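Analysis of the macromolecular model
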Amino acid sequence: MKKTSARYGMAFGLLGALLVLLLVWNINAGSVHLSPGEIFRILRGVCLGEGDTNYRIVWGIRLPRILAALILGGALSVSGFLLQTFFANPIAGPYVLGISSGAKLTVSLTMIFLLSRGMVSGSLALILAAFVGSLISMGFVLLISRRVRKMSILVICGVMIGYICSAVTDFVVTFAEDSNIVNLHNWSLGSFSGMSWDNVAVMGAVVGVTVALAFLLSKPIGAYQMGEVYAQNMGVNIKAFRVALILLSSVLSACVTAFAGPISFVGIAVPHLMKSLFRTAKPIVILPACFLGGGVFCLFCDLVARTVFAPTELSISSVTAVFGAPVVIYMMVSRRAKGASGGNLS
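Residues numbered from 1 in each chain as written. Predicted model: local features only at pLDDT ≥ 70, side-chain atom pairs only at ≥ 80, totals over all residues. Heavy atoms only, no water.

1. Things to note about the packing of aromatic side chains
Per the counting criterion, the structure on display carries 6 aromatic pairs. Centroid distance Phe 86 to Phe 87: 4.9 Å. Interplanar angle 75°. Geometry classified as edge-to-face. Take Phe 87: its relative accessible area is 13%, and that puts it in the buried class. Cluster of aromatic residues (ring-pair linked, three or more members): Tyr 8, Phe 12 and Phe 278. For the cation-ring pair, Arg 242 lies above Phe 86, with the distance from its terminal atom to the ring centre recorded as 4.4 Å. (Phe/Tyr/Trp six-rings, centres within 6.5 Å; stacked < 30°, edge-to-face > 60°. Buried < 20%, exposed > 50% of the residue type's maximum accessible area, 1.4 Å probe, protein only. Lys NZ or Arg CZ within 6 Å of the ring centre and 35° of its normal.)

2. Digging into the nonpolar core
Judged by nonpolar contacts, the single largest core of 89 residues is most densely connected at Leu 72, Leu 82, Phe 87, Phe 192 and Phe 278. The element that contributes the greatest number of residues to this core is helix α3 (residues 53-87), accounting for 16 residues. Ignoring any residue separated from it by four or fewer positions in sequence, one finds Phe 192 in contact with Arg 65, Ala 68, Ala 69, Leu 72, Ala 260, Ile 263, Cys 298, Asp 302 and Ile 316. Counting 8 residues, the second largest nonpolar core, distinct from the first, contains Ile 91, Val 155, Ala 269 and Met 331. (Core = buried A, V, L, I, M, F, W, Y, C linked by side-chain atoms within 4.5 Å. Helix = DSSP H or I, 4+ residues; strand = E, 2+ residues; numbered from the N terminus. Contact = heavy atoms within 4.5 Å.)

3. Topic: the environment of Gly 295
Structurally, Gly 295 can be placed in helix α13 (residues 283-307). Expressed as a C-alpha distance, the spacing of Gly 295 and Ala 68, which sit 227 residues apart in the sequence, is 9.0 Å. Excluding residues that lie within four positions of it along the chain, Gly 295 makes contacts with Ala 69, Leu 70, Gly 73 and Gly 74.

Okay, here's the thing in structure tokens:
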């Protein structure tokens, strides 16, 4: 027990140290470099005058973007963990199963509808639209899962749903006005840029409440990981529990898509990395670890997206795919190797 607690403490300490390092690094990264003393002065709210450009850069541009990457990265990782629990498979995730693409489609339709009428789409409207799209895509996946037993086929069907939603989105964008296309194109690539403090407040409230509710389900999730029969014997209402998992994961993935566009592989790779780091799948440990790990992962990927080819900025989804896809490939290969060795031993 002491060794386990020490390992958890060291793992959380490592994530905390990486978070602090990346926070400072992201604040300093950019065309304007700041000294540690100046960063500390600005964070304390000390402004040397109305024309302090560095103060406006940090508080008006960099900090909202950093907090958005932290919050949305954590949300995407927790959403992936909930979906992996629901389908009892580590390669389930909002991007792979087409849930993010469904949210992308409904958000695109909403943005075009409102922009064509000279209206600005609010944060809550985009989240609601993305939530509806997430539920529709999840509904198709659930219908397919009733007829398909193999998870590999279900994942393929999810990928196909994603392609269909993306194709419809491209078709709609083709006939949109030029100004609308510019807005949609920047958003659809995936990016944390352009975040405001109002955006951060809304996403913080939505994600905070949803993650807290997911954490309250730690015991039912732990029982469900042992199998449906075991969970029922422990008093878990399976139908209500599964509905709760669907709703919570859909809200989290919808919030991410509404603000930052579709982001790939975070929901699959980060939960696996956290389970490997902590050497456990206990929800009471993995849920906060996934949120913290997802934030660290997205902060790192956003830093790469902004600085590697500066002043050109890469889409965040491209960077997360570069670092997340190898983790998923390794996970699938190692699981297959373990299964083969287990079969030989038997």
